[in-house]
Amino acid sequence: MIPWTVTVLLCVILFLFKLEKKTTAKQDGLYPPQVRSIPFIGGFLWFFTKNMSKTFMDIGKEYGPIARTYMGWNELIVLNSPNSVKEAGKVAALGGQADLLITRVMNGKGIIWADDAKEQRKFVLKNFKHLEISKELESTILDEVTRFFDRLKAHENDVFDFKHAFGIHTVNAMFQILFGVRLPPNDPEVQHILDQLEILAELRNPIMRLCFYFPSLADWFPSSLSGKAFLEKFASDFYKSVKRNMEINQKSRTEKLPRNFSDAIMDKVAETSDESSVFHASHDESIPIIIDMIAAA
């Protein structure tokens, strides 16, 4: 019985590889190169690699900025450069909000996660220009990079967490732009935000990765294993942190004289009487927008 089972399995594997080869041979100039993988399984194996981001980088080096594979019966396009992502954003078929576990937890709010966020994006770009935040952002980033290298020199003979330290200065730059405050590098709030963002960015647990990109699977696993519990805590902690800083900022705020982005968004909410606008106080949209900006940084 065992030899027959092995024979059948070998035949199936050979068939799949033959099918893969045949499919690859049919490619023409209209299709991006196809990543070598087991048919139908395709990219599912990536979720079980030790370093998923490195896997994607290796794919980019071998196949170029645009490649394709399959997730089950669904074709998956891999974009691996800023230009390819920018060009893809112009294609209507590739637009819209992705159905991810975090978009469900965040209820589709914010700029990054919302499908219809035209009003929010217009407000952000307008105020970046009006408050000259772009210039301030450049100056703040240069200042934070200088501080980072000063810390690096001070610890040149010690074990130094390069990535975490740089993250502290990046988040600090955004806090200064959004709220006009600079937090100390050892501030527990900054440390906690970075720890959570690092987990979200890396998704080290394969089950958590699968549930993140295929949220329907989260119903089949405990929330602690699927990552749903973590994402809910992440959203809650982030919300409380931003709300607390906005409340502190509001104590010294002068209406219609914005000093920073937080002031500007508070003015916008105060002057909005149209209940259909996302900036109406009843929609509570200002905090998710700021959360998005910190997470993006």
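Residues numbered from 1 in each chain as written. Predicted model: local features only at pLDDT ≥ 70, side-chain atom pairs only at ≥ 80, totals over all residues. Heavy atoms only, no water.

1. Considerations on the nonpolar core
Core analysis: the largest hydrophobic core is formed by 41 residues, its most contacted members being V242, F261 and I290. In terms of residue count, the dominant contributor to this core is helix α11 (residues 228-250) (seven residues). With six residues, the next largest nonpolar core counts V35, Y63, A67 and V78 among its residues. (Core = buried A, V, L, I, M, F, W, Y, C linked by side-chain atoms within 4.5 Å. Buried < 20%, exposed > 50% of the residue type's maximum accessible area, 1.4 Å probe, protein only. Helix = DSSP H or I, 4+ residues; strand = E, 2+ residues; numbered from the N terminus.)

2. Considerations on a nonpolar patch on the surface
Where nonpolar side chains cluster on the molecular surface, the patch consists of I66, I77, L79 and V85 and spans about 300 Å² of accessible area. Along the polypeptide, L79 turns up in strand β2 (residues 74-79). (Patch = residues over 30% accessible without salt bridge, like charges linked within 9 Å, V, L, I, M, F, W, Y side chains within 5 Å. Areas by Shrake-Rupley, 256 points an atom, 1.4 Å probe, with all protein chains shown as cover. Salt bridge = Lys/Arg side-chain N within 4 Å of Asp/Glu carboxyl O.)

3. What to know about the pattern of salt bridges
Following the criterion strictly, the structure yields six salt bridges and no others. D99 is the partner of R104 in a salt bridge, and the nearest nitrogen-oxygen pair spans 2.8 Å. Taking the shortest distance from any N to any O, the salt bridge between R259 and D263 comes out at 2.6 Å. A relative accessible area of 41% places R259 in the partly exposed class. On the basis of relative accessibility, which here comes to 0%, the residue D263 falls in the buried class.

4. A short note on unusual backbone geometry
The phi dihedral of K256 falls on the positive side, at around 65 degrees, and the residue is not glycine. On the secondary structure map, K256 appears in the loop between α11 and α12 (261-271). Here K256 falls in the exposed class, since its relative accessible area comes to 61%.

Any functional reading would require information beyond the geometric quantities listed.
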